[in-house]
Amino acid sequence: MILAPTEDNLALASTALSKDQLVGLPTETVYGLAGNALSIEAVQKIYDLKGRPATNPLIIHISDFEQIHSLIGKLSDQQSYYLNQLKEFWPGPLTIILPKSINVPTIVTANSDTVAIRIPQHPVALEIIRKSGLPLAAPSANRSNYISPTSAQHVADEFGEKVEIIIDGGNCTVGLESTILSLVSDIPEILRPGAITLEVIRRIIPSVQYQEKVITENVMQNSPGQQIKHYSPKTPLKFKANYLPSSESKKIGLIAFQALSELEQNSFFSYKLLSADGDLNEVAQKLFATLRELDLQGLDLIVIDDCPVDKIGLAIMDRLKRAVSI
Ligand code: TXA
Ligand code: MG
C-alpha cells in the first residue's frame, strides 16, 4: 500500500523494518526495497521478492556517518584518506565499496569480503533509517532486470500487495542509481557511473579508473554489479542512430532528449520529449519513468536518442547500452 510520509506512517515503516518486514522507500536516485541489513531473514526476503541472484550483493544505507564504523573492516591509510575526502558527497548519490566487518551478514555482500555503503539524500529515507536505528539493505525496488522505479506507484506496479508499506516521497530527483566507487584495490574504480560524475571524483582521486564494459551478447557476468543485460523494457529498444524508418515495424515510440520538428514528431506513434533544452540532468530524471510509460503502450519498438558520454551523460548511456536490444 502506498502511504504518505506522515510521522505515523514513518513510525509504521520503522516498526515493520524492526520486525524483518520490507518497506518500499524513496531515495533521491531511485526507490529502494529496504530491509534490516543485519537480519539474514529480512535480506533473504529482498532476494526472493526481487528474484535477484544470490551472487549480486546489496547496498547498505545509513543515515549518519558514524554508523559506518561497525560495518566496515580495517582500512588502509589510503582508504581512510579517500573515505574522509568523499564524505563531502554524503548524503548523496554515491556508494562506496570498502572491506566489510564481520557484523555484516555474508548474504548482504554475496559472500564477498567487501561491503557497499551509502547515505541517501532523501529526507524520508534518512528519517526512516534514523527512526528504525538500523542499517538498511536496499536494492532498487524493481524485479531483477526490469527498469528501476522512480515513483511510489512504480514500486506498487512491481510488487502489488507483496510490499505492504511503500512510503511516497514523490518523484526521484536524480532518477538514475547511485555512482558506485570501489576503494578496495590500490587503484580506485568506478563500477557504475552516476550523478556524482567521474569528472567530480577525479578531483579527489586523480587516479580513479572507469572501464566501460563492452556489451555483446555472449559476455558473461564475472563480477558483482556488472550484469550486461539490465534495465530493459519488454518492448524492443533501439538507439535512434541505428533506426531505419522504412524497414521497421509500425507502432514506434520516440524518446527524444531535445525538441524535434513537428514533421519528424508526427512520423512516430508516440513521442516523449525529456528536456525542452537538452538538459541531461532532466533527461536522467525522467528517463526510467518514460521508458516504463512507453513500455505500457503496446508499441512494436521504442527508439531513443543518445548523448555524449561525459558528466551525467556517461551514466545515461551506461543504462541505455544495457537496455537496448542486442
Ligand atoms: O541508487 C542506488 O544505489 C539505489 C538506491 C535504492 O539506493 N540502489 C541500487 O541498488 O541501485 P541495486 O541493488 O539495484 O544496485 C546495487 C549495485 C549492484 O549492481 C551490486 O552488484 C553492486 O551495487 N554492489 C553491491 N555490493 C557490492 C560489492 N560489495 N562489490 C561490488 N558491487 C557491489
Ligand atoms: Mg537495481
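The structure displayed is predicted, hence computed values, not measured ones. Every chain begins its residue count from 1, and numbering advances along the sequence as written. Whichever chain is written first is A, and whichever ligand is written first is 1; the rest continue in order. It should be noted that, the model being predicted, local features are given only for residues of pLDDT at least 70 and side-chain atom pairs only at 80 or more, the latter also being counted only at that level, while totals for whole chains, interfaces and linings use all residues. With hydrogens and water stripped out, all remaining heavy atoms of the structure feed into the side-chain values.

Caption draft 1: Structural detail: the sheet that holds strand β3 (residues 32-36). Strand pairing is assigned whenever DSSP detects at least two bridges linking the two strands. Runs of E in the DSSP output that reach at least two residues are strands. Runs of H or I that reach at least four are helices, and both are numbered from the N terminus. Overall, mixed pairing links the 11 strands, which are arranged β1-β8-β2-β3-β7-β4-β6-β5-β9-β10-β11 in an open sheet. This sheet does not close on itself; its edge strands, each paired only once, are β1 (2-3) and β11 (209-210). As paired strands, strand β9 (residues 179-182) and strand β10 (residues 189-192) are joined by three bridges and run antiparallel to one another. What sits directly across from S182, in β10, is E189. The sheet contacts of helix α2 (residues 40-50) involve β3 and β7 (136-137), and relative to β3 the element is tilted by about 155°. In what follows, residue pairs with any heavy atoms lying within 4.5 Å of each other are defined as contacts. Axis definition: a line fitted to C-alpha atoms, over the contacting stretch in the case of helices. Angles run 0 to 180 degrees between N-to-C directions.

Caption draft 2: Here's a closer look at the packing of helix α1 (residues 7-18) against helix α4 (residues 123-132). Their axes nearest at 9 Å, the elements α1 and α4 cross at an angle of 55°. It follows that α1 is oblique to α4 by the angle criterion. For the element pair α1 and α4, the recorded crossing hand is right-handed. Counted together, E7, L10, A11, A13, S14 and L17 of α1 and V124, E127, I128, K131 and S132 of α4 form the full contact between these two elements. All residues other than Ala, Val, Leu, Ile, Met, Phe, Trp, Tyr, Cys, Pro, Asp, Glu, Lys and Arg, Gly among them, are scored as polar; the first ten of these are nonpolar and the last four charged. The residue inventory of the contact of α1 with α4, partitioned by class, reads six nonpolar, two polar and three charged. Between 65 and 115 degrees an angle is taken as roughly perpendicular, under 35 as roughly parallel, over 145 as roughly antiparallel, and anywhere else as oblique. By definition, turning the near helix anticlockwise from the far helix through less than a right angle yields a left-handed crossing, and turning it clockwise yields a right-handed one.

Caption draft 3: Representation of the packing of helix α8 (residues 280-295) against helix α9 (residues 312-323) within the structure. Taken N-terminus to C-terminus, the directions of α8 and α9 make an angle of 20°; their axes are 9 Å apart at the nearest point. Taken as axis vectors, α8 and α9 run roughly parallel relative to one another. For the pair α8 and α9, the crossing hand works out as left-handed. Across the interface between the two elements, L280, N281, V283, A284, L287, F288 and L291 of α8 pack against I312, G313, I316, R319 and L320 of α9. Partitioned by chemical class, the residues of the contact of α8 with α9 number nine nonpolar, two polar and one charged.

Caption draft 4: Examining the confidence of the model for the protein more closely. Across the protein, the average pLDDT comes to 94, with 94% of residues at or above 70. Summarising per-element confidence for the protein, the mean pLDDT is lowest in helix α7 (residues 262-266) (90) and highest in strand β4 (residues 59-61) (99). Each residue carries a pLDDT score, the predictor's own confidence in it, on a scale running from 0 to 100. Here residues 218-225 scores under 50 on pLDDT; set against residues more than four positions off or in separate chains, the count is six contacts.

Caption draft 5: Geometry of the pattern of salt bridges. Whenever a carboxyl oxygen of Asp or Glu lies within 4 Å of a side-chain nitrogen of Lys or Arg, that contact is scored as a salt bridge. Taken as a whole, this structure holds 12 salt bridges when the rule is applied. Across the salt bridge formed by R118 and E28, the nearest N and O atoms sit 2.9 Å from each other. Of this pair, R118 sits in strand β6 (residues 114-118) while E28 sits in the loop between β2 (23-25) and β3, placing them 90 residues apart in sequence. For K286, the salt bridge is made with E282, and the minimal N-O distance between the two is 2.8 Å. In this pair, K286 and E282 are both assigned in helix α8, four residues apart and thus about one turn of the helix distant.

Caption draft 6: Up close: the nonpolar core. Here, the term nonpolar core denotes a set of buried Ala, Val, Leu, Ile, Met, Phe, Trp, Tyr and Cys residues that are joined through side-chain atoms within 4.5 Å. Buried, partly exposed and exposed residues are distinguished by accessible area as a fraction of the type maximum, computed with a 1.4 Å probe on protein chains only: under 20%, between the cut-offs, and over 50%, respectively. Counting residues in hydrophobic clusters, the biggest one holds 50 residues, and the most contacted among them are I68, L83, L86, W90, L94, L181 and I205. Excluding residues that lie within four positions of it along the chain, L181 makes contacts with L86, L94, T95, I96, I97, P188, E189, I190, I201, I205 and V208. Listed in part, the 28 residues of the second largest apolar core include Y146, I312, A315 and L320.

Caption draft 7: Here's a closer look at the packing of aromatic side chains. Between the rings of Phe, Tyr and Trp (Trp by its six-membered ring), a pair exists once the centres lie within 6.5 Å; its type follows the angle of the planes, with under 30 degrees stacked, over 60 edge-to-face, and the other angles tilted. Summed over the entire model, instances satisfying the criterion amount to three aromatic pairs. Note on F65 and W90: the rings are 6.1 Å apart at their centroids and 45° apart in plane angle, and the pair reads as tilted. Taken together, the residues span a long stretch of sequence, with F65 in the loop between β4 and α3 (77-86) and W90 in the loop between α3 and β5 (94-99) at a distance of 25 residues. Owing to a relative accessible area of 8%, W90 belongs among the buried residues under this scheme. Measuring from ring centre to ring centre gives 5.9 Å for Y243 and F268, while their planes differ by 40°; the resulting arrangement is tilted. With Y243 in the loop between β12 (237-239) and β13 (252-256) and F268 in the loop between α7 and β14 (270-273), this residue pair connects regions lying 25 residues apart in the sequence. F268 carries the same exposure label as Y243, and that label is buried. In this structure, K87 packs its charged tip against the face of F65, placed 4.7 Å from the ring centre. A ring has a charge above it when a Lys NZ or an Arg CZ is no more than 6 Å from the ring centre and no more than 35 degrees off the ring normal. Of note, K234 hangs over the ring of Y146, and the distance from its end group to the ring centre comes to 4.1 Å.

Caption draft 8: Expanded view of the pairing of β5. For β5, a buried count of six out of six residues is recorded, marking the element as mostly surrounded by other parts of the structure. Two elements, β5 and β9, share four bridges in a ladder whose sense is parallel. Paired with I97 across the two strands is S182, which belongs to β9. Direction of pairing for β5 relative to β6: antiparallel, over a ladder of four bridges.

Caption draft 9: Examining the pairing of β9 more closely. Neither face of β9 is left uncovered, since the one carrying T179 and L181 and the one carrying I180 and S182 both have all their residues buried. Counting the residues in the hairpin turn of β9 and β10 gives six residues.

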